[in-house]
Every structure is written in structure tokens, then in C-alpha cells.
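Fold and contact review
Now for the letters of each chain:
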Amino acid sequence: MKYLLALLVLLASLMILVNATATATATTPGSLEELEEVVRQYAQEAAVLKHAGHVVLRATLPTTAALSEYLAAVRSHNNLDDPLLQAELWHAGPSSAARTDLSSSAPSWEADVALSPQALRSFRSLAHALGGSSSLLVPDLQQALVHAHREHLLARFLSSATTTTATATTATTNNSSSFFSSYHTKEEIDQFMAQLAQIYPTLAEVVTLGQSVEGQTIRALRISGGSGPSNSQQKPGMVYNGLVHAREWISGSTVCYIAAQLLEQYGQEASVTRLVDHYEWLLVPVLNPDGYRFTYQQGGNRMWRKNRRQSANGLCVGVDCNRNWDIAWSSGIGTSSQPCSGEYKGTAPFSEPEEHSVAQYIAARGNVLGYIGFHAYGQLIMEPYGYTKQHTANYAAQQQLVQGMQAAIQQVNGVHYTTGPIATTIYPASGDSVDWVYDQGQVPFPLAIELRDLGQYGFLLPPAQILPQGREMFAGVLYMGNFIMNSTLTVL
């Protein structure tokens, strides 16, 4: 039976790749020659050409006050009408020195900022004026985009060829791993979830949460053992979502990997079986389908962050779906009221249907005990709050959870994650999912996790890292499930 299920999963992966031809021909070349031609055409697209001369600067800063001043300057430039002078924050958090040696007197904070050539000098000067230093993390963003696109296409090409020639013998060891050798479109991810539900009908079902701004369906996979997913509402719930920010491709792949492992290991691994039986799991790989499609489609922008809401002035597009939750929304902390900003909070709390669909599910269901919003990058495991530096009522229990997850994750591949509350681990931010899920959703253990890496690739994480990332994060998820199951600590 185990081998039969493995074969069915492998065949499902093949069906996805074959059926995807109609919707993803531009991203699945039929030959290496065609691949190079697609890459050449991609390099000439306007969204790539506009990054000519752009860099990603890493500013290393000595204090949180210096970091705050630097981020304020970045955000003010992000709102400028002149795109040549724009700056966009990619990442902020503990510096490499602080991560590896907590007793170090070296500067302890860093900020990665994508800059136009015209803005580079001023932001370099600012870092030094604040007592820090700077270095080029990505010296040529345009070339980095082209290189990442070639790797992406090559991974899809090799995955398709490998899957096509796979045999029943290899199926017993591959399981769904062929799906995780490359990144996928939203349609392919939906197909993958549907195939998992078809292969494991007593454990999983696809559910619809809502629709995006542009009318795409937001789908989730509901998983539960014992009574099955259709009769699991009385169990405690776990909710995970990815691709809130469109360019963070690894987040969607990681949610898919977690779903696949919960199903494939059910009945094989006692620890997994117990967790699948105990909880109802809701896994949402693509919460921002419009933005994700825009990063994927021809003529789109791989570095797009927000959804695709048209602003009232018609000049700017998109709302940050992780600044639109109804929690301290009007405070302006770590957000922007400017529609052109990457952190634009929208016109009102929950004005965007994407994240509102998850909030409605959590509120209507009740008894959700754990939540993870997966993001990239920075290797961080963070609990509430973002809008205040005040600790939560069950801060001690949350600290036990994140520190235990950190250890479990590190055991897999040796990759270290930093832990702590959002406001003090990266920067203050309001209108975010974790704060609402804790305060309004009454979920005692909500987390925001920034996945790989520490900036070598950033948002352009190579496909070869999908499986290692999934394996280490699945170890963290198992720890989380067991910790919450065994926890007797006061919640709120």
C-alpha cells in the first residue's frame, strides 16, 4: 500500500507538469536551446531592464535607533514619484555578527535595500553617518534576475524530463519530491493540492476561502485524520499560509511541502499520525494569487510584493496584504498611506479580500491554536507583537515554543534561525497578521517565519533549496504541533 501511494503521488506530479503546458509554456522550455531563447527574451522585458544599474545595499548599523532612522529614510524614498530615486526595503534584522556571536561588540543590525544608481551614494553615506558601514549584497540586480530566471527554467526543464522518464522503482523513494525540484504556477499548485486530496480522500480535501481582487480563487488544503477532514471542526485548528508577499516564492513551496509530508507520513510515522489525528490543518499555499501571478507571467515583475489592487488615482497598484489586518491599522507604524509604497496599508482595515479570507476563517472556526504566516527572507521565527514592544500575556510560553522550533530546525541541516517578537527582532509594524490572529483571533501561538536565506540569494532563492528548506521547516512544524498539544500553560 505504501508503494502504491508513492507511485500515485509521483504520477500526480507528472500530470501536473503535463497539464501545465497550456498555462506555462513560456516557463517550461522544451529544449535547452529554447530555454536560452526564453532567457534572452526575458532579459529584454521592461520589468528587467528597469533594474539596470540597480543594486542591493546592505547597511550594517550599531543600534536600533540607527536602524530606525535608516528605515525611515528608506520609506520616505519609497514614496517618491521619481522611480530613479526610489529605495525599497528587502530585509532588516540582526546582523550576521550578532547571529553568530551574541556577545560580540560588532554592529548588531542590518538592512538590505534595493537602490537605483542615483540613490546609492546617499544611502551609503547615511549608513556611515549613523556609525555603521555598507557593502554591496547584490552588485547587479538586473543580472541577478536574469540568472535566477535561467535557474528557474532549467529546474522546470529538468524536472519535466526526469518525471517523464521515472519508473515505478524510483517512485517508491521519490514520493512527491519531483514536485519540489522547481517552483510552480498557482494553477500547478492548485492541481497539486487537488491530486493530494484525490490520493488521500480520507485525510484531505480542497476548500475555497474566497476570491482575490482580480477574481482568482483562494484555495486551501484541509487535512485531518481519524474522522476525516469533513468532520474535524471540533478539533483544535492549525492554520498556515504562504505567498502573502508575491515575490517570496519559497513560502508557497514550503506550505505545499508541509501538506505533502503530513499526508505521506500519515500511518508511517507515529508522531505525524498523532498530529494529523489531533488537529485540523488548514494550509493555504498562495494567499496573494494576483501578485504571485504577476511575478510569474510574461511582462510581469519578479520583485513584486503587494496584491494587484488599482489605486484611486490610477497611478499605483497594490496593497501590502500584511499591513491591512484590522489591528493598530491607523497607527502608521511600519506602514505607509502612500499607494506607491511597497508597504501601502490600503484604504481601510481588511479592504483586501485576500488576507480577510483567512481572518474570516479563523474567526468563524474558533479554537485555532497555532498559526504561521510564512515569508522570506532572513531566517527568523517571530511571535507577536509587531505594533508594540509590549509582551503578550503568554510570552514565556511563546518563547519556549520558538526556541524549541529553532533547535528542531537547526538539527536538520544546521541552519540557524533567530527568534523573538516582531517589533524587536526586525522592526515595528502594524496591521500584520500575527498581531490580529493573537489579539482578535484568540490564537495563542501565532508566528511569522522568515525562511531562507540570509541574503546571498534573498527573494531569488534557487530551486535546489526548496527541499532542504521544506525538510527543516517540517521539523519545526512537528515540534510546534507537539508543543501546543502538550502545553498546559495559560493562553491569554
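Coordinates for the structure precede this section.
These remarks concern the structure in this document. This one's a predicted model, so the numbers in the text were calculated from it and none came from an experiment. Numbering of residues starts from 1 in each chain and follows the order in which that chain's sequence is written. With the structure being a predicted model, the display of local features is reserved for residues of pLDDT at least 70 and the display and counting of side-chain atom pairs for 80 or more, all residues being used for whole-chain, interface and lining totals. The basis for every side-chain value is the complete set of heavy atoms in the structure, and neither hydrogens nor water enter the calculation.

**Let's talk about helix 7 (residues 117–129)**
Residue burial is assigned from relative accessible area. The probe radius is 1.4 Å, only protein chains are included, and a residue is buried under 20% of its type maximum, exposed over 50%, and partly exposed in between. Only runs of H or I of at least four residues qualify as helices and only runs of E of at least two qualify as strands under DSSP, and these elements are numbered from the N terminus. If you check which residues of helix 7 are buried, you get Ala119, Leu120, Phe123 and Ala127. Considered in projection along helix 7, the buried side chains sweep an arc of 115° and stay on one side of the axis. Every exposed residue of helix 7 that faces more than 90 degrees away from the buried side is listed here: Arg121 and Ala129. Those residues of helix 7 that are buried are in contact with strand 1 (55–61), helix 5 (64–78), strand 2 (87–94), strand 3 (109–115) and strand 4 (133–138). Once helix 7 ends, the next one or two residues include Gly131, with phi positive near 90°. Directions are taken from the helix axis to each C-beta atom, and the arc is the one they span. Contact definition: two residues touch when any of their heavy atoms are within 4.5 Å.

**Digging into the nonpolar core**
Core analysis: the biggest nonpolar cluster contains 81 residues, and Ile223, Tyr240, Trp281 and Ile449 have the highest contact counts within it. Among the elements that line this core, the one with the most residues is helix 11 (residues 249–264), at ten residues. With residues up to four places along the chain from it excluded, the contact list for Trp281 reads Leu221, Arg222, Ile223, Met238, Tyr240, Leu262, Leu275, Val276 and Val477. By nonpolar core we mean a set of buried residues, namely Ala, Val, Leu, Ile, Met, Phe, Trp, Tyr and Cys, connected to one another through side-chain atoms within 4.5 Å. Of all hydrophobic cores here, the second largest spans 52 residues; its members include Leu57, Tyr70, Val244 and Trp436.

**Overview of unusual backbone geometry**
Residue Tyr377 is reached from Ala376 by a cis peptide bond, and omega for that bond is 10°. Positionally, Tyr377 belongs in the loop between strand 9 (368–376) and strand 10 (380–383). In this structure, the amide linkage connecting Arg452 to the following residue, Asp453, adopts the cis form with an omega of 0°. Summarising the element assignment, Asp453 is placed in the loop between strand 12 (445–451) and helix 18 (466–486). Of note in the backbone geometry, Gln379 takes a positive phi value of approximately 55° without being a glycine. Residue placement: Gln379 occurs in the loop between strand 9 and strand 10. Positive phi values are uncommon outside glycine, yet Gln442 reaches one of about 55°. Within the secondary structure, Gln442 sits in the loop between helix 17 (433–439) and strand 12.

**A closer look at the sheet that holds strand 5 (residues 204–211)**
Note on sheets: strands pair through backbone hydrogen bonds, and any given pair is parallel or antiparallel. The strand order 5-6-8-7-9-12-10-11 describes an open sheet built from eight strands, whose pairing is mixed. Sheet topology places strand 5 and strand 11 (418–421) at the edges, where each strand pairs with a single neighbour. Averaged over all neighbouring strand pairs, the angle between strand axes comes to 20°, with direction disregarded. Strand pairing requires that DSSP identify at least two bridges connecting the strands. Pairing between strand 10 and strand 12: three bridges, direction antiparallel. Pairing of Ile381 across the sheet is with Ile449, part of strand 12. Each axis is a line fitted through C-alpha atoms, taken for helices only over the stretch in contact, and angles between the N-to-C directions span 0 to 180 degrees.

**Here's the deal with the state of the cysteines**
The disulfide criterion used throughout: a pair of cysteine sulfur atoms within 2.5 Å. In total, this model carries one disulfide according to the counting rule given. Here Cys316 connects covalently by a disulfide to Cys340, the sulfurs 1.7 Å from one another. With a gap of 24 residues between them, Cys316 in the loop between helix 13 (289–296) and helix 14 (353–365) and Cys340 in the loop between helix 13 and helix 14 connect regions that are remote in the sequence. Using a relative accessible area of 6% as the deciding quantity, one classes Cys316 as buried. On the accessibility criterion, Cys340 (33% relative accessible area) is partly exposed.

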